[in-house]
Amino acid sequence: MKKRKFSVFIGLILSAAMLISCISPAFAIVIPQDVKNVILMIGDGMGENSLEWTKSELGVSLAMDELPYQGYSITDSLSGLTDSAAGATALSCGLHSFNSNLCTLSVLVNGYGATICDYMNVSQVAKSLGKRAGIVTSDVNSGATPSGFSVHTYKRELTEEITAQQVDCGLDLIWAADNGVSDKAAFEKAGWTYSTSMDELSGIKNGERSFGAISGKIYYETGSEDDAPLSELTSLAIEKLENGKGFFLMVEGAHIDKNSHSNNKEGMMKSLVEFDKAVKNAVEFAKEDGNTIVIVTADHETGGITKNAGTGEFEYTTGDHTNADVPLRLFGSDELVKDGAHVKNTQVGRFIAKKLGYTSRFPSITVNFRFPIDLISALFKVRKSRLR
Ligand SMILES: [Zn+2]
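As a starting point, this report considers the structure included with it.

Parameters and conventions
- Counting starts from 1 at the beginning of each chain's written sequence and moves along it residue by residue.
- In view of the model being predicted, local features appear only for residues whose pLDDT reaches at least 70, and side-chain atom pairs are presented and counted only at 80 or more, with totals across whole chains, interfaces and linings using the full set of residues.
- With hydrogens and water stripped out, all remaining heavy atoms of the structure feed into the side-chain values.
- Secondary structure elements are defined from DSSP: runs of H or I of at least 4 residues count as helices, runs of E of at least 2 residues count as strands, and each element is numbered from the N terminus.
- Working definition: with a 1.4 Å probe on protein chains only, accessible area under 20% of the residue-type maximum means buried, over 50% means exposed, and in between means partly exposed.
- Strands were regarded as paired on the criterion that DSSP finds at least two bridges between them.
- Fitted lines through C-alpha atoms give the axes, limited to the stretch in contact for helices. The angle between two N-to-C directions lies from 0 to 180 degrees.

Quick look at unusual backbone geometry
Working step 1: Here Phe362 and Pro363 are connected by a cis peptide whose omega angle stands at 0°.
Working step 2: In this structure, Pro363 sits in the loop between helix H12 (346–356) and strand E17 (365–367).
Working step 3: Although it is not a glycine, Ser100 sits at a positive phi angle of roughly 85°.
Working step 4: As for its placement among the helices and strands, Ser100 is situated in the loop between helix H3 (84–93) and strand E3 (104–109).
Working step 5: One non-glycine residue, Cys103, lies in the positive phi region at around 55°.
Working step 6: Counting through the fold element by element, Cys103 comes out in the loop between H3 and E3.
Working step 7: Look at Cys103 and you get buried, because its relative accessible area is 0%.

Here's what the structure looks like:
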């Protein structure tokens, strides 16, 4: 009881401090116009040694090794070791958040939340500039990474809430594995074409608003006809999003992380190779287009993959995330990273907004004036749940 009261007290102090830091002008950066399209490729849980292990074990070379500008991203969140929600928030909004927060700064009281402020994400930036915005992931649409580029919520587990927000999120394209709760009628009513297979997605017209709740496997080809491999979806999404004003596209290979959580190296490597094929396709488009930046990075490392000093073999050392700096590689610009430099993950979101040509303040936050009421309500819910 005492411990709970203390943590609520700490939460309030922290919230007040964050609110003050949020509205200070130090967060405002004014930036000039640049390229037409930006493609951000996120290998969830992909550390430097995920790449090294895959190459040595499978004897393959990787397209992402060919990218001209290379360095590392520092992945910590306000909670310390990051999760994919805070990781996505840093990459999409250019600001740190607590774990579980998606494009918000929020406090959690025994599972109930109160949002202090919402962060603008780079999909919103693209849309505000009259560009198109899209997401392709091997995860479900309500996974932490795609959610960090489409919704604002205090808790990543709020699947129904996240899916409902995606109906009205303003994006042009969301293609993901079916999460089982997306309401086809609600999406269609809001102007989306709702598809469930690669075949159906191929039939989408350029510029048609497209929600893909894919029933087959996306992370790599399993030999089933239902498969919709990430690399093929990436090329198709680029084709559907391409237009005179430009687009922002986020592509996530989610199963590098998922397989490393269970220390399944074969699964991790297959997912990584498929993600790399998607990178190759994106870079091929960028080379031809001449006005596109491709950024390849991860939200964090998973599995603590290390080379054993005795055996000289790579191995997993944990089933969790680690705070190892992750690869950050670019095609099309040397302004974010080069020569093996280490930069904060928040710089990625800021760089994207700048390169899309956003000249207003970014990072940008909207203060939630209901915060005190929401916090009291969250506290009340805790008391009620304790009585039960
Ligand atoms: Zn994870």
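Re the sheet that holds strand E8 (residues 210–214)
Two pairing modes exist for strands in a sheet, parallel and antiparallel, and in both the strands are linked by backbone hydrogen bonds.
Working step 1: On the basis of which strands lie adjacent, the open sheet formed by 10 strands has the order E7-E8-E6-E5-E9-E1-E10-E15-E2-E16 and mixed pairing. Each having just a single partner strand, strand E7 (193–195) and strand E16 (342–344) make up the two edges of the open sheet. Strand-to-strand twist of the sheet, defined as the mean angle between neighbouring strand axes without regard to direction, takes the value 15°.
Working step 2: The pairing of strand E10 (residues 292–297) with strand E15 (residues 326–331) spans 3 bridges and is antiparallel. Bridge pairing in E15 links Val296 to Arg329.

Let's talk about the pairing of E15
Working step 1: Burial within E15 is extensive, with 6 of its 6 residues counted as buried.
Working step 2: In this sheet, E15 lies alongside strand E2 (residues 69–74) in antiparallel orientation, the contact comprising 5 bridges. Each residue of the ladder has a partner; that of Tyr72, found in E15, is Pro327.

Thoughts on the sheet that holds strand E4 (residues 112–119)
Working step 1: With respect to topology, 3 strands assemble into an open sheet ordered E3-E4-E17, the strand pairing being antiparallel. Each edge of the sheet is formed by a strand with only one pairing partner; in this case those strands are E3 and E17. Averaged over all pairs of adjacent strands, the angle between strand axes in this sheet comes to 30°, irrespective of strand direction.
Working step 2: Where E4 and E17 come together, 3 bridges link them in antiparallel fashion. The partner of Cys117 across the bridge, within E17, is Val367.

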